[in-house]
Amino acid sequence: MNDENIEEAIEVLQQLGLKEYEARCFVGLSQVETGTAKKLSELTEVPRTRVYDAIRVLEAEGLVEIQHSSPQQFRAVSLEEATDTLGDQYETRIERLEDALGSVELVDDGEEKPIQQVWAMAGRDAIENRTKELIENAKEEIVLVIGDESLLTEDLLVTLNQVGAGVDLLIGALTKPLQDQIQTGVPDATTFISGLEWLHPRPDRGDETAIGRLVLVDRSAILVSSIVPNTNEENAIYGEGFGNGLVVIARRLMAQGLLTNRDPGA
């Protein structure tokens with residue numbers, strides 16, 4: 001394990017709830033069969049007195065085993081067991097968070113809420129989750145245009161294939177190969193090549209971003225994302241509560257390229 005991988009492992013373990021010395025000790029033990037406090041301190045640069053504190057926590061978390069010899073020997077559980085244990089703990093924390101936030105009452109600030117709302121979002125995971133939620137909650141129609149092949153993930157294909165029979169599913173792509181890929185992955189969908197030329201990035205025009213995905217659900221909620229090509233960073237805006245006129249225009253734009261006689265909403 002090189003230094004870069006070691007530091008990355010330590011960082012991820014801290015994100016999962018371990019403190020720095022605990023994470024360093026666990027990663028250190030993952031590099032050896034067994035280790036004493038002295039050996040572990042030398043390997044991880046954790047002060048020897050703090051090694052014992054960290055080991056006690058790791059043992060309580062089910063990540064480390066202790067042999068009560070003289071001197072004491074420590075060893076990390078297997079990688080598979082460790083990831084299962086950390087995964088269970090993480091899921092438990094998420095469930096606790098969900099229960100706690102679910103019981104929090106909304107505070108009425110007395111301000112009138114606008115009917116039309118537009119919100120900015122960042123991060124592919126968050127945008128994928130919002131897209132999934134929109135699709136799963138659709139009652140009548142989903143219009144989806146995929147501008148970047150990387151967004152056609154296995155999770156998205158599963159979500160799209162679970163759309164109910166009573167919901168019209170229209171999926172557009174920017175290229176024929178991507179359309180074929182979508183049609184193969186979601187055979188019940190009506191697919192088309194988008195006629196929106198401005199969706200295609202133009203380097204010669206100085207375009208620094210490309211359209212990622214456009215989602216319109218039940219002609220009431222819309223999500224539009226963009227992707228920075230060099231970093232694959234995805235940002236989006238999400239809106240709901242728009243008037244019929246704006247939604248109709250948005251839908252016509254998104255479905256451009258779909259033959260009228262194949263468009264159930266035309």
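As a reminder, the structure under discussion sits directly above these lines.
To keep things clear, this report deals only with the structure shown in the data block.

## Side note on the packing of aromatic side chains
Here comes step 1: Here the structure, examined in full by the defined rule, presents one aromatic pair.
Here comes step 2: Its end group placed over the ring of Tyr238, Arg130 keeps NZ or CZ at 4.6 Å from the ring centre.

## Regarding the nonpolar core
Generally speaking, soluble globular proteins have nonpolar side chains that are buried together.
Here comes step 1: If you look at the biggest cluster of nonpolar residues, it comprises 29 residues, and the most contacted ones within it are Ile142, Ile146, Leu160, Leu169, Ile171 and Leu223.
Here comes step 2: For this core, the secondary structure elements donating two or more residues are helix H6 (124-136), strand E4 (141-146), helix H7 (154-161), strand E5 (168-173), helix H8 (176-185), strand E7 (210-217), strand E8 (221-228) and strand E9 (233-240).
Here comes step 3: Ignoring any residue separated from it by four or fewer positions in sequence, one finds Ile171 in contact with Leu144, Ile146, Leu160, Ile182, Val186, Ala189, Thr190, Thr191 and Phe192.
Here comes step 4: By size, the runner-up hydrophobic cluster in this structure holds 23 residues, among which are Ala54, Leu63, Ala76 and Val77.

## Topic: unusual backbone geometry
Here comes step 1: Here the amide bond leading from Ser70 into Pro71 is cis, since omega sits at 0°, within 30 degrees of zero.
Here comes step 2: Assignment of secondary structure puts Pro71 in the loop between strand E1 (64-67) and strand E2 (73-76).
Here comes step 3: Here the phi dihedral of Glu45 falls at roughly 65°; this positive angle occurs in a residue that is not glycine.
Here comes step 4: By the element assignment, Glu45 lies in the loop between helix H3 (37-44) and helix H4 (48-60).
Here comes step 5: The phi dihedral of Arg219 falls on the positive side, at around 55°, and the residue is not glycine.

## Here's the deal with a nonpolar patch on the surface
Here comes step 1: Where nonpolar side chains cluster on the molecular surface, the patch consists of Tyr90, Ile94, Leu97, Leu101 and Val104 and spans about 490 Å² of accessible area.
Here comes step 2: As for its position among the elements, Tyr90 is in helix H5 (residues 79-102).
Here comes step 3: In this structure Tyr90 comes out as partly exposed when scored by relative accessible area, which is 42%.

## A few points about the pairing of E9
Here comes step 1: Sheet analysis places E8 next to E9, joined by eight bridges and oriented antiparallel. Within E9, the residue paired with Ala221 across the bridge is Glu240.
Here comes step 2: The hairpin turn running from E8 into E9, its antiparallel successor, is four residues long, and Asn232 in that turn takes a positive phi close to 65°.

Cut-offs applied
Residues numbered from 1 in each chain as written. Predicted model: local features only at pLDDT ≥ 70, side-chain atom pairs only at ≥ 80, totals over all residues. Heavy atoms only, no water. Phe/Tyr/Trp six-rings, centres within 6.5 Å; stacked < 30°, edge-to-face > 60°. Lys NZ or Arg CZ within 6 Å of the ring centre and 35° of its normal. Core = buried A, V, L, I, M, F, W, Y, C linked by side-chain atoms within 4.5 Å. Buried < 20%, exposed > 50% of the residue type's maximum accessible area, 1.4 Å probe, protein only. Helix = DSSP H or I, 4+ residues; strand = E, 2+ residues; numbered from the N terminus. Contact = heavy atoms within 4.5 Å. Patch = residues over 30% accessible without salt bridge, like charges linked within 9 Å, V, L, I, M, F, W, Y side chains within 5 Å. Areas by Shrake-Rupley, 256 points an atom, 1.4 Å probe, with all protein chains shown as cover. Salt bridge = Lys/Arg side-chain N within 4 Å of Asp/Glu carboxyl O. Pairing = 2+ DSSP bridges.

Scope: geometric values only; no functional claims are made or implied.
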